[in-house]
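Each chain is listed here by its residues.
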Amino acid sequence: MDQTGARILVIDDERPIRRLLKTALTAHGYVVEEASTGLVGLTAIAKNHPDLVILDLGLPDIDGVEVTSRVR
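Residues numbered from 1 in each chain as written. Predicted model: local features only at pLDDT ≥ 70, side-chain atom pairs only at ≥ 80, totals over all residues. Heavy atoms only, no water.

Describing the overall build of the protein chain
Part 1: When helices and strands are counted, the protein chain shows three helices and three strands.
Part 2: Mapped in sequence order, the helices and strands of the protein chain form the string β-α-β-α-β-α.
Part 3: Taken over C-alpha atoms, the radius of gyration comes to 12 Å for the protein chain, in line with the 11 Å a tight globule of 72 residues would show.
Part 4: Each principal axis of the C-alpha distribution contributes one length, and for the protein chain these read about 35 × 25 × 15 Å.
Part 5: Each of the 72 residues in the protein chain was classed as buried or not, and the buried ones make up 31%.
Part 6: Sequence separation of 24 or more characterises 60% of the internal contacts of the protein chain that already satisfy a separation of 6 or more.
Part 7: With 8 positive and 11 negative side-chain charges, the protein chain shows a spacing of 5 Å between the two charge centroids. (Helix = DSSP H or I, 4+ residues; strand = E, 2+ residues; numbered from the N terminus. Rg over C-alpha atoms; globule rule 2.2 N^0.38 Å. Buried < 20%, exposed > 50% of the residue type's maximum accessible area, 1.4 Å probe, protein only. Contact = heavy atoms within 4.5 Å. Lys, Arg positive; Asp, Glu negative; His and termini not counted. Charge placed at Lys NZ, Arg CZ, Asp CG, Glu CD.)

Here it is in structure tokens:
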């Protein structure tokens, strides 16, 4: 991990879950970005190249399995 911490993208449609994960992960030095839909998440992955993605499988627009397939 570098000085700014690993970059983590949290893709989840539930704001409280994103907020909890962001709070916990930033407290441990990670840089956290959030996305509330699969399409927004795919855009963030392509643009920012996170080190890790935490992905909800039940998203409102496209499911997490489809997001994973598109990333591959």
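There's more to say after this.
Digging into the packing of helix α2 (residues 38–48) against helix α3 (residues 64–71)
Part 1: Following both chains from N to C, one finds α2 and α3 inclined at 25°, their axes separated by 10 Å at the closest point. Here α2 lies roughly parallel to α3, going by the angle between them. As for how α2 packs across α3, the hand of that crossing is right-handed. Here G38, L39, L42 and I45 of α2 lie close against α3, whose contacting residues are V67, R70 and V71. (Axes fitted to C-alpha atoms, helices over the stretch in contact; angles between N-to-C directions. Parallel < 35°, antiparallel > 145°, perpendicular 65-115°, else oblique. Left-handed = near helix turned anticlockwise from the far one by under 90°.)

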